[in-house]
Amino acid sequence: MYAELVFPLPFRNAFTYSVPKTLESLAKPGVRAVASFGKRTLTGFIVSTSSSIPQSGIKEKIKPLDDILDFKPIFTPKSLEFYKWLGDYYLSSLGEALKLAVPYGLDVESKRKIISDTNFALQLLEKEKDKTLLKSKILKILSEKEEMNFSHLQRLVQKKNIYSILSNLEKQGAVTILNEIAGAKVKIKKAKFVKLAKPIGEIYSFFPEIEKRSPKQISVLLFLSSLKKESVPLGFLLEKTESKKSSVDGLAKRRLIKVFEKEISRDYIEAYTEKKVDFLLTEKQMNIVDEVTASIEEEKFKPFLLHGVTGSGKTQVYIELTKKVLEKDKSALILVPEISLTPQIISRFYNNFGNEVSVLHSRMSLGERYDSWRKILNRKSKVVIGARSALFAPLNDIGLIVVDEEHDASYKQFDNTPKYNARDCAVILAQLHKSPVLLGSATPSIESMYNAQAGKYGLLELPERIDNAKLPKIHLINISNEKKKKKMEHVFSKFMLDKIEDRLKKKEGVIILQNRRGFSTQVYCDDCGELEICDNCSVPLVYHINQNILKCHYCAFTKDVPKVCHNCGSYALKYFGTGTERVEDEIEYFFPKAKIKRVDSDSISKKNSLGRIFMDFSKGEVDILVGTQMVSKGLDFPRLTLVGVISAETTLWLPDFRADERTFQLLTQVSGRSGRSKVEGEVVIQTFNEKSFTLQKVLQNDYIGFYEKEVLNRQRMGYPPFTRICLIETKDIDNDKARGAVFDFHKELIAFKKYLQITPPSAALIARLKGHYRYHILVKSSKEKDPGGGILRKAVFDSFAEFNRKTRYRDVKLFFDVDPQSVM
């Protein structure tokens, strides 16, 4: 028996392995297998099996599988088709795409460990004449440390190709290289349980004899008798009966009780809870439920765009549709863009569906995520809620997919390959499962609305808030004018401060948005103009007052706050720009009696801290929330009646084709948090240019007016939805190599200029990131001429093949980002 394996590596072909007789019953498509790959041991995915060797295979060279990790397939033929599409569309290998199907921490792989003779390494280092050479750098590290991982040494010298140097050093006796198999980081959790081993009547006959020698054993037996035949965790039993383990061991020896291991589930418990409220759907909500239900009943793929104003009851529509899906014994997948949206929606779904609900997101522990994933795989859960990675939950018989806040950029994977967009992938997944997919938003993306206007998506609308709640009144405050009138108090206009004071007196809730973390966003010298820049990135460092450090928000580099300018030695250092810490600090000064909480990624690092903050705010124990965009979407608090925006320009001035769209969405979404009950809400937006078209459309709550102008601009400039774009990036710690590689790739790509628009290579806007220099090429393909993007993908793949064949820069990192959310 032979198995075809793909590995989570950038190889587009599968590899053939023989299956040992002992593993044949487990070897089937969809399971993970451990196999040697070159000098390593890796976890791969079996995509097919056969009884004969593929034509390309040579029997003597075929290696056997080492092990199989799964008792049942973790992906089906249908989901394999989905992962093949995903890998093809986002220009990655099938193995890289399939890695998304498995929670982090389950891989088995070999780790190379280096054992160094430090004294000998030091002797060799002293003989080296040029201490700047790679060999000298390696010897210096090896002379200081006896033991380290191979990958750690690669990171320290910032080079991947160190094999030949280490091989020569091993021959000389300076190092020993060991191959160790590292098991999975996360496993099934088990605990010891105890239960009675005999009927209660028989147990009582032993009491007189036991009572004389060990009264504690009687306590244990009485406690277990009260539970009848149920088992209880050993630790809990010892605590309740105030007994020692020796008492339990003695009873187990006499076979009166049974001690055994049992799997325990690490369930994620959200700190935020709400009471269940039974809603009566409005007529418009019922019409939408009926229209989508028709597709559920017919098991027919149909994409819908639900354009509903903030507070129009979209979540209740999702809940009602999920009920319809469960009635048909099918499953539902609910995607939300951020962790900040999960506490409320999880609570509402738990209230309706109880243990049918499983949650998947990055704030869960590895164990919680693994147990949640296994619960879904074993069909013990039919409703999955989570951020973008929940798209890959092993759900069967999907009857509905919901993408809430479908416009949100966080549905896009920015860091790892493949750089997928969960919203677009959800549409393809629904197509394969022949189910409806519902994209919901108060501010739909330009692409989704264009698809709806073109008839590709069904357009559903909720133009009014539920319970007769009114949309909030919005005020645009010009900061420049307020400064001239001396009506600014640091970062706050007096108008905003008056509004906050009024709401606090009425015991109502307030949210203040500033989409920048830290205290000051820049530190510069007033004499020479020098900025404090990150050592690894070409971005300014941000001042964090609580820790009294300067920090980079891209690579997490930190340094102490300087006393003088590092360039000219001047003491005239100025702190410029406003982050959430400064807003929090100033609002505490103006309202010392108010209870204030900050919500950004710095303040909610502890598990469940976000849920607790929201819980306190809903109860009125917190008066003001100060936060980044985490407070801008999806939250529903009836007591929240005022939203303040410190600066509308934080996203508006970014040099990106989506900047206007992002600003409109952010401000409309945060405005929509206000006044979601009978009390009318207000929004105060501070800006330098209240006449901006984007801000005027926010003021008028005119999404369609904004969309119509923005879509014309996109058409004129040749951007999505009229083109498909791919951002090609080269990255290396050596600027010349990164630059050379991008020009080499451009030489190959330019052969396709007849079919594509190809920009000349240029340095990325953030030219250096995490110690790597970055260069970009932007490729555009007209959807009219290339509707499926096949020409674009062929051009990139063919160019990549030629580039690899000819280039001197094979070790330079190359990334392809199809449908990027940002070109910065």
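Please refer to the structure placed before this passage.
Residues numbered from 1 in each chain as written. Predicted model: local features only at pLDDT ≥ 70, side-chain atom pairs only at ≥ 80, totals over all residues. Heavy atoms only, no water.

### Brief notes about the overall build of the protein chain
Phase 1: Looking only at helices and strands, the protein chain features 27 helices and 37 strands.
Phase 2: The C-alpha atoms of the protein chain give 31 Å as radius of gyration, which agrees with the globular expectation for 824 residues (28 Å, within 12%).
Phase 3: Summarising its shape, the C-alpha atoms of the protein chain cover approximately 90 × 75 × 65 Å along the three principal directions.
Phase 4: Counting over 824 residues, the protein chain shows a buried share of 53%.
Phase 5: Taking the intrachain contacts of the protein chain between residues at least 6 apart in sequence as the baseline, contacts between residues at least 24 apart amount to 75%.
Phase 6: Surface exposure of the protein chain reaches about 39,100 Å², of which carbon and sulfur atoms provide 49%.
Phase 7: If you average the places of the 133 positive and of the 103 negative side-chain charges in the protein chain, the two averages end up 3 Å apart. (Helix = DSSP H or I, 4+ residues; strand = E, 2+ residues; numbered from the N terminus. Rg over C-alpha atoms; globule rule 2.2 N^0.38 Å. Buried < 20%, exposed > 50% of the residue type's maximum accessible area, 1.4 Å probe, protein only. Contact = heavy atoms within 4.5 Å. Areas by Shrake-Rupley, 256 points an atom, 1.4 Å probe, with all protein chains shown as cover. Lys, Arg positive; Asp, Glu negative; His and termini not counted. Charge placed at Lys NZ, Arg CZ, Asp CG, Glu CD.)

### Here's the deal with the environment of E489
Phase 1: Relative to the helices and strands, E489 resides in strand 21 (residues 488-489).
Phase 2: Separated by 406 residues in the primary sequence, E489 and Y83 have C-alpha atoms spaced 55 Å apart.
Phase 3: Not counting the four nearest positions on each side in its chain, E489 is found in contact with K494, L497, E586 and F590.

### Some details on the packing of aromatic side chains
Phase 1: Here the structure, examined in full by the defined rule, presents 37 aromatic pairs.
Phase 2: Ring centres of F7 and F15 lie 6.1 Å apart, and the angle between their planes is 50°; on these two criteria the pair is classed as tilted.
Phase 3: F7 sits in the buried class, given a relative accessible area of 3%.
Phase 4: The class of F15 is partly exposed, set by a relative accessible area of 23%.
Phase 5: Here F664 and Y703 contribute two aromatic rings whose centre-to-centre distance is 6.2 Å and whose plane-to-plane angle is 50°, an arrangement assigned as tilted. One end of the pair, F664, is in helix 23 (residues 659-671); the other, Y703, is in helix 25 (residues 703-717), with 39 residues separating them in the sequence. The same class applies to F664 and to Y703, which are both buried.
Phase 6: One aromatic cluster is present, built from ring pairs that chain together F82, Y83, W85, Y89, Y90, F392 and Y420. (Phe/Tyr/Trp six-rings, centres within 6.5 Å; stacked < 30°, edge-to-face > 60°.)

### Details of the pattern of salt bridges
Two side chains carrying opposite charge are able to pair once their charged atoms lie near each other.
Phase 1: Tallying each qualifying case throughout the model produces 45 salt bridges.
Phase 2: D602 is the salt-bridge partner of R517, the closest N and O atoms lying 2.8 Å from each other. Residue R517 is located in the loop between strand 23 (509-513) and strand 24 (522-525), and its partner D602 is located in the loop between strand 29 (596-599) and helix 21 (609-619); the two are separated by 85 residues in the primary sequence.
Phase 3: Connected through salt bridges with shared partners, the residues E263, R266, D371 and R374 form a single ionic network. (Salt bridge = Lys/Arg side-chain N within 4 Å of Asp/Glu carboxyl O.)

### Description of the packing of helix 1 (residues 77-89) against helix 16 (residues 422-433)
Phase 1: Relative orientation of the contacting elements helix 1 and helix 16 amounts to 145°, with a least axis distance of 10 Å. Once helix 1 is placed against helix 16, the crossing between them reads as right-handed. Along its contact with helix 1, which presents K78, E81, F82, W85 and L86, the element helix 16 presents C425, I428, L429, L432 and H433.
Phase 2: Tallied by class, residues from the contact of helix 1 with helix 16 come to 7 nonpolar, 1 polar and 2 charged. (Axes fitted to C-alpha atoms, helices over the stretch in contact; angles between N-to-C directions. Left-handed = near helix turned anticlockwise from the far one by under 90°. Nonpolar A, V, L, I, M, F, W, Y, C, P; charged D, E, K, R; others polar.)

### Some remarks on the sheet that holds strand 1 (residues 2-6)
The strands that make up a sheet pair up through hydrogen bonds in the backbone, lying either parallel or antiparallel.
Phase 1: With mixed pairing, the 6 strands of this open sheet are ordered in space as 5-2-1-4-3-6. Edge positions in the sheet fall to strand 5 (63-64) and strand 6 (67-68), since each of these pairs with one other strand and no more.
Phase 2: Taken together, the 2 bridges between strand 3 (residues 32-37) and strand 6 define a ladder with antiparallel strand orientation. Directly across from V34, in strand 6, lies its bridge partner D67. (Pairing = 2+ DSSP bridges.)

### Details of the sheet that holds strand 30 (residues 624-627)
Phase 1: Pairing is parallel in the open sheet, where 6 strands are placed in the order 20-32-31-23-30-29. The sheet is open, and its two borders are formed by strand 20 (473-478) and strand 29, each paired with just one other strand. Averaged over all adjacent pairs, the angle separating strand axes in this sheet is 15°, with direction ignored.
Phase 2: One ladder, built from 4 bridges, connects strand 31 (residues 640-645) with strand 32 (residues 682-687); its direction is parallel. Bridge pairing in strand 32 links V643 to V683.

### So, helix 16
Phase 1: Helix length check: helix 16 (12 residues) gives 16 Å between terminal C-alpha atoms against 16 Å at 1.5 Å per residue, within 8%.
Phase 2: Most of helix 16 sits out of view: 9 of its 12 residues are buried.
Phase 3: Of the residues making up helix 16, those classed as buried are A422, R423, C425, A426, V427, I428, L429, A430 and H433.
Phase 4: If you follow the buried residues of helix 16, they end up packed against helix 1, strand 14 (331-335), strand 17 (398-404), strand 18 (436-441) and helix 17 (446-453).
Phase 5: Backbone nitrogen of R423 and a side-chain oxygen of the N-cap are separated by 3.0 Å at the start of helix 16; the cap is N421.
Phase 6: Positioned one or two residues after helix 16, K434 has a phi angle of 50°, which is positive. (Expected span 1.5 Å × (residues − 1). Polar contact = N/O pair within 3.5 Å; in protein donor to acceptor, adjacent residues only side chain to side chain.)

### Comments concerning the side chain of D70
Phase 1: One can find D70 in the loop between strand 6 and helix 1.
Phase 2: A distance of 2.8 Å separates a polar atom in the side chain of D70 from the backbone nitrogen of R32.
Phase 3: Setting aside chain neighbours within four positions, we find D70 in contact with L26, V31 and R32.

### Points about the layout of surface pockets
It is the rolling of a water-molecule-sized probe over the atoms that shows where space remains empty.
Phase 1: If you add up the space inside the second largest pocket, you get close to 1,100 Å³.
Phase 2: Contributing to the lining of the second largest pocket are 49 residues, with E274, F279, R348, I466 and D636 lying nearest its centre.
Phase 3: Of all the elements in the fold, those that place two or more residues in the lining of the second largest pocket are helix 13 (314-327), helix 14 (342-353) and helix 21.
Phase 4: The element best represented in the lining of the second largest pocket is helix 13, accounting for 6 residues.
Phase 5: Grouping the constituent residues of the lining of the second largest pocket by class yields 15 nonpolar, 16 polar and 18 charged. (1 Å grid on protein atoms, 1.4 Å probe; cavity = no way out; pocket = protein on both sides within 12 Å on 5 of 7 lines; lining within 4 Å. Points joined across faces, edges and corners; volume = space filled by probe spheres on them.)

### Brief notes about the packing of helix 9 (residues 215-226) against helix 10 (residues 234-241)
Phase 1: Across the interface, helix 9 lies against helix 10 with an axial gap of 10 Å and an inter-helix angle of 120°. By the angle between their directions, the pair helix 9 and helix 10 is classed as oblique. With respect to the hand of their crossing, helix 9 and helix 10 are arranged in right-handed fashion. Contacts from K216, S219, V220, F223 and L224 of helix 9 reach helix 10 at F236, L237, K240 and T241.
Phase 2: Per-class residue counts for the contact of helix 9 with helix 10 are 5 nonpolar, 2 polar and 2 charged. (Parallel < 35°, antiparallel > 145°, perpendicular 65-115°, else oblique.)

### With respect to the nonpolar core
Phase 1: With 108 residues, the main nonpolar core has L391 and I728 as its most contacted residues.
Phase 2: The element that contributes the greatest number of residues to this core is helix 16, accounting for 7 residues.
Phase 3: Once residues within four sequence positions are removed from consideration, I728 is found in contact with F745, L749, Y775, H776, I777, V779, V796, L814, F815 and F816.
Phase 4: V325, F353, V359 and V402 belong to the second-largest nonpolar core, a separate cluster that totals 30 residues. (Core = buried A, V, L, I, M, F, W, Y, C linked by side-chain atoms within 4.5 Å.)

### Observations concerning helix 11 (residues 245-253)
Phase 1: Every buried residue of helix 11 is listed here: S247, V248 and L251. Burial along helix 11 is one-sided: seen end-on, the buried residues are contained in an arc of 95°. Opposite the buried face of helix 11, at more than 90 degrees from it, the exposed residues are S246 and K253.
Phase 2: As for helix 11, its buried residues are in contact with strand 10 (190-196), helix 8 (207-213), helix 9, helix 10 and strand 12 (257-263).
Phase 3: Of the residues flanking the end of helix 11, it is R255, one or two places downstream, whose phi is positive at about 60°. (Arc of directions from axis to C-beta.)

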